[in-house]
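The primary structure of each chain is shown beneath.
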Amino acid sequence: MDSGGDPGLEAIFKRLIGATGPISVAHYMAEANAHYYGRADPLGTGGDFITAPEISQMFGEMIGLWLADQWQRAGQPGLYHYVEFGPGRGTLASDALRAAEQFGFRPQVHLIEGSSRLRHIQQTALPQATWHDGLDSVLREGPLLIVANEFLDALPVRQIVRTEQGWRERVVVHNGERFMPVAGARPMDTAVPAALADSPPGTILETCPAASGLAYEIAMRLKAQGGCALFIDYGYDTSVAGLKSGSTLQAVRAHQKVDPFAEPGLADLTALVDFAQLKQIALAGDVDCLGPVGQGDWLMALGIGARAATLARTDPAQTQALESALDRLVSPDQMGTLFKVMAYRGPGWPEGAGFGTA
Ligand code: SAH
């Protein structure tokens, strides 16, 4: 083994590259993340990174209230589904469903999870759930109330790089010591729209076909069976035709940023989510799109401040911890602005609280 990555995965990558040539950044990211999430539970202070639902129960509770409100205002349909993509430890779903149950919201629960290890943890938190590899096996009857928190950022990005000879796919090679990204051999000029074609050499364009494909699939399902979807992630709102200048690929291990190509399978690989593209897809799929708005504004509009005060009154010893959790979730210099919330809504479904329209 040459570097500190997952030895099994390093061998697979080396064999693949040796046999068929360099692999794309997207292929590398997809495989590295599948190994990463399959290895262990990465979440929490003892793991590699911490997510909003793991910071405080208030995060999932606000989502639960949002969903219950949507469902009530849609006329309380009898058969309906909670669907969560990449539920991690199941914390968000547990908090959301507990909070929403007070309003009579008792959906069928579907969890879409790729890691069997995490499925196992989710089973303890949510014994009533059924697990799926994708949306395809979720019932096509009854509205879907879909949640994806820090899921789209884990999907593989494709990168194209401008060289002196034109545009090339960004691919991964092994130089005898380590994996590294280089420009591939095949011309990719036709994949670049005219507005970006003249970018200076070295420019990287990034796109996430997996996220776009999934968003379109969700839009089609909402159109066919009703419901709404919440996408919460860190991202940007400024792409051109689904392409963003600059690589946003990053790796985190033990709460530190590391080189994404240094230890495949041992660090969490993510890329910023392209909310402008998600908006375009809603338009193409003929569903309404709300936001994106900052996570901080959205949570405050839903009443997370009042929720924190209530919890502090119930358990005064927790006051400081609650204040600090609230600050992490909503402050602009913490998760409040970088993290964004966007919703899709199917035909006839309500505007959705917290987006400045309801
Ligand atoms: N939503 C959770 C966990 C975020 S981590 C939270 O906020 O705490 C990303 C989650 O997505 C993990 O559960 C991971 O196993 C899952 N995941 C990542 N890529 C996936 C894929 N391609 N298919 C299915 N699940 C995936």
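Refer to the preceding data block for the structure.
Quick caveat, the model's predicted, so the values are computed rather than measured. (Residues numbered from 1 in each chain as written. Predicted model: local features only at pLDDT ≥ 70, side-chain atom pairs only at ≥ 80, totals over all residues. Heavy atoms only, no water.)

A.B. asks: Can you walk me through the site of the ligand in this structure?
C.D. replies: Of all residues adjacent to the ligand, which total 16 residues, the nearest are T51, G86, G88, E113 and N149. Measuring from an oxygen atom of the ligand, one finds a side-chain N or O atom of E113 at 2.5 Å. G114 is positioned such that a nitrogen or oxygen atom in its backbone is 3.1 Å from a nitrogen atom of the ligand. Here the ligand loses 88% of its free accessible area of 570 Å² to cover by the protein chains. When each cavity is represented as a set of grid points, the ligand is found to reside in the largest pocket. A per-class count over the shell around the ligand returns eight nonpolar, six polar and two charged. (Near = heavy atom within 4 Å. Polar contact = N/O pair within 3.5 Å; in protein donor to acceptor, adjacent residues only side chain to side chain. Areas by Shrake-Rupley, 256 points an atom, 1.4 Å probe, with all protein chains shown as cover. 1 Å grid on protein atoms, 1.4 Å probe; cavity = no way out; pocket = protein on both sides within 12 Å on 5 of 7 lines; lining within 4 Å. Sits in = over half its atoms within 2 Å of the grid points. Nonpolar A, V, L, I, M, F, W, Y, C, P; charged D, E, K, R; others polar.)

A.B. asks: Please clarify how the pattern of salt bridges should be interpreted in this entry.
C.D. replies: Any two side chains of opposite charge can pair, so long as their charged atoms come close to each other. Under the definition given, this model contains 16 salt bridges. Salt-bridge contacts for R89 lead to D41; the nearest nitrogen and oxygen are separated by 2.7 Å. Remark: D41 occurs in the loop between α2 (25–39) and α3 (52–55) and R89 occurs in the loop between β2 (81–85) and α5 (91–101); sequence separation between them is 48 residues. Accessibility expressed as a relative area gives 26% for R89, which makes it partly exposed. With a shortest N-O distance of 3.3 Å, R89 and E54 are connected by a salt bridge. In this pair, R89 sits in the loop between β2 and α5 while E54 sits in helix α3, placing the two residues 35 residues apart along the sequence. (Salt bridge = Lys/Arg side-chain N within 4 Å of Asp/Glu carboxyl O. Helix = DSSP H or I, 4+ residues; strand = E, 2+ residues; numbered from the N terminus. Buried < 20%, exposed > 50% of the residue type's maximum accessible area, 1.4 Å probe, protein only.)

A.B. asks: I tried to follow the environment of R106 on my own but got confused; where do I start?
C.D. replies: Looking at where R106 falls in the secondary structure, it is placed in the loop between α5 and β3 (108–112). Overall, the relative accessible area of 55% leaves R106 in the exposed class. A C-alpha to C-alpha distance of 15 Å links R106 and E84, two positions 22 residues apart in sequence. With residues near it in sequence (within four places) discarded, R106 still touches Y80 and E101. (Contact = heavy atoms within 4.5 Å.)

A.B. asks: I keep staring at the layout of surface pockets and nothing clicks. Help me out?
C.D. replies: Leftover empty space is mapped by rolling, across the atoms, a probe with the size of a water molecule. Computed from the structure, the largest pocket encloses a volume of approximately 710 Å³. Surrounding the largest pocket, 40 residues form its lining, G86, E113, G114, F151 and A154 being those nearest its centre. Broken down by secondary-structure element, the contributors of at least two residues to the lining of the largest pocket are α2, α3, β2, α5, α6 (116–125), α8 (209–225) and β14 (268–270). If you tally residues by element for the lining of the largest pocket, the top one is α2, at four residues. Looking at the lining of the largest pocket residue by residue, the classes come out as 18 nonpolar, eleven polar and eleven charged. By volume, the second largest pocket is sized at about 450 Å³. (Points joined across faces, edges and corners; volume = space filled by probe spheres on them.)

A.B. asks: What exactly am I supposed to notice about the side chain of R162 here?
C.D. replies: Here R162 shows up in strand β6 (residues 158–163). For the buried R162, which has no salt bridge, the nearest side chain bearing the opposite charge is D198, at an N-O separation of 4.4 Å. Here A197 takes part through its backbone oxygen, which lies 3.0 Å from a polar atom of the side chain of R162. Here the side chain of R162 touches S199 through a polar contact of 2.9 Å, landing on its backbone oxygen. What R162 contacts, discounting residues up to four positions off in sequence, is W167, A197, D198, S199, P200, P201, G202 and T203. (Lys, Arg positive; Asp, Glu negative; His and termini not counted.)

A.B. asks: Explanation requested: the packing of aromatic side chains in the structure shown.
C.D. replies: Any pair of aromatic rings gets described here by the distance separating the centres and the angle formed by the planes. Within this structure, the stated rule accounts for 14 aromatic pairs. Relative to W298, the ring of W66 lies with its centre 6.3 Å away and its plane at 50°, an arrangement referred to as tilted. Within this pair, whereas W66 is found in helix α4 (residues 57–73), its partner W298 is found in helix α10 (residues 295–301), the two being separated by 232 residues in sequence. Its relative accessible area of 1% is what places W66 among the buried residues. Of the residues examined, W298 reaches a relative accessible area of 0% and is grouped as buried. In this structure, K244 packs its charged tip against the face of Y236, placed 4.9 Å from the ring centre. (Phe/Tyr/Trp six-rings, centres within 6.5 Å; stacked < 30°, edge-to-face > 60°. Lys NZ or Arg CZ within 6 Å of the ring centre and 35° of its normal.)

A.B. asks: Before we go on, may I ask you to explain the sheet that holds strand β12 (residues 250–253) in this structure?
C.D. replies: Note on sheets: strands pair through backbone hydrogen bonds, and any given pair is parallel or antiparallel. An order of β13-β12-β14 is seen for the three strands of this open sheet, with the pairing classed as antiparallel. What marks the edges here is a single partner per strand, and that holds for β13 (256–258) and β14. Adjacent strand axes in the sheet meet at a mean angle of 40°, parallel and antiparallel pairs treated alike. Of the pairings in the sheet, the one linking β12 to β14 comprises three bridges and is antiparallel in character. Counted as the bridge partner of Q250 is T270 from β14. (Pairing = 2+ DSSP bridges. Axes fitted to C-alpha atoms, helices over the stretch in contact; angles between N-to-C directions.)

A.B. asks: How should I be thinking about the pairing of β2 in this particular structure?
C.D. replies: The side chains of a regular strand alternate between the sheet's two faces. Counting buried positions along β2 gives five out of five residues, so the element sits mostly inside the fold. Burial along β2 is two-sided: H81, V83 and F85 and Y82 and E84, pointing in opposite directions, are all buried. Handedness of the β2-α5-β3 crossover: right-handed. Bridge count between β2 and strand β5 (residues 144–149): five bridges; the pairing is parallel. (Right-handed = clockwise from strand over helix to strand, strands pointing away.)

A.B. asks: Please explain the nonpolar core as it appears in this structure.
C.D. replies: Grouped burial of nonpolar side chains is what soluble globular proteins tend to show. Of all hydrophobic cores here, the largest spans 50 residues; its most connected members are I63, W66, Y82, F105, W298, L329 and F355. Non-local contacts of W298, meaning those with residues more than four positions away in its chain, are made with I63, W66, L230, V293, V341, A353, G354 and F355. Judged by nonpolar contacts, the second largest core, of 45 residues, contains M29, V157, L214 and A267. (Core = buried A, V, L, I, M, F, W, Y, C linked by side-chain atoms within 4.5 Å.)

Such coordinate-based values are descriptive only and should not be taken to indicate function.
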